[in-house]
Structures are given as C-alpha cells and as structure tokens.
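# Chains, contacts and geometry: an overview
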Amino acid sequence: MRVAGRTKQKPSYGFRHVRTVMGGKADRVELHPHAAEVIRNVARRMLADPENVTPSSEAARLNREGELAPEDHLAVMYGRAARGRL
C-alpha cells in the first residue's frame with residue numbers, strides 16, 4: 001500500500017506522506033529525517049546496553065529532553081498545535 005501511495009491511515013512514527021497536490025492522495029511515503037533519527041538513537045542505546053536501558057527509561061529520557069510524542073509530532077507535522085502528550 002505504501003509503495004503504491006494508497007495509504008489509508010496516518011503514517012507510522014518516523015515516516016511521512018508526501019503529496020504533490022495539497023490535500024491530495026499521498027504520492028509516496030518517505031522517512032521523516034528527525035523522527036527516524038530519534039528511533040535509530042533509541043535502538044542504538046537499547047542494543048548497546050539491554051540490561052540498563054529499557055523502553056520505559058528511554059521514554060522518560062525522551063520526555064525530559066522535550067521530544068514530542070508521536071501524536072503531537074504528527075499534529076505539528078500537519079500544522080496543528082501540539083497538546084503536550086508524554
């Protein structure tokens with residue numbers, strides 16, 4: 001579905017829909033540079049020290065650093081205000 005550009009849902013965190021016509025059908029799906037880097041960093045940290053770095057500790061670290069939650073990231077990406085979700 002993504003390759004064909006026929007997305008039926010919001011993009012997963014780390015991806016964004018690219019449209020040539022505003023409000024039109026998604027032409028393609030590509031990596032979002034910032035969100036993809038956040039995911040890569042979390043994966044690197046967890047794989048480097050799996051006993052001390054857990055998903056919940058990484059979530060807490062991202063919250064402390066002020067990283068947007070996936071829902072807020074999507075809202076900001078599409079021009080809406082973030083709600084401050086954790």
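Please refer to the structure higher up on the page.
Residues numbered from 1 in each chain as written. Predicted model: local features only at pLDDT ≥ 70, side-chain atom pairs only at ≥ 80, totals over all residues. Heavy atoms only, no water.

Turning our eyes to something else, we now look at the side chain of Arg61. Note on placement: Arg61 falls in helix α2 (residues 55-64). Judged by its relative accessible area of 14%, Arg61 is buried. Here Glu65 takes part through its side chain, which lies 2.9 Å from a polar atom of the side chain of Arg61. If sequence neighbours within four positions are ignored, Arg61 has contacts with Val42 and Arg45. (Helix = DSSP H or I, 4+ residues; strand = E, 2+ residues; numbered from the N terminus. Buried < 20%, exposed > 50% of the residue type's maximum accessible area, 1.4 Å probe, protein only. Polar contact = N/O pair within 3.5 Å; in protein donor to acceptor, adjacent residues only side chain to side chain. Contact = heavy atoms within 4.5 Å.)

The tally for this structure, following the rule as stated, stands at seven salt bridges. We note a salt bridge from Arg16 to Glu30, for which the minimum N-O separation is 2.9 Å. Of the two residues, Arg16 sits in strand β1 (residues 15-18) while Glu30 sits in strand β2 (residues 28-31), which places them 14 residues apart along the sequence. Owing to a relative accessible area of 27%, Arg16 belongs among the partly exposed residues under this scheme. Among the salt bridges present, the one from Arg61 reaches Glu58, with a minimum N-O distance of 2.7 Å. In this pair, Arg61 and Glu58 both sit in helix α2, three residues apart, roughly one turn of the helix. The pair formed by Arg61 and Glu58 is uniform in burial state, with each residue classed as buried. (Salt bridge = Lys/Arg side-chain N within 4 Å of Asp/Glu carboxyl O.)

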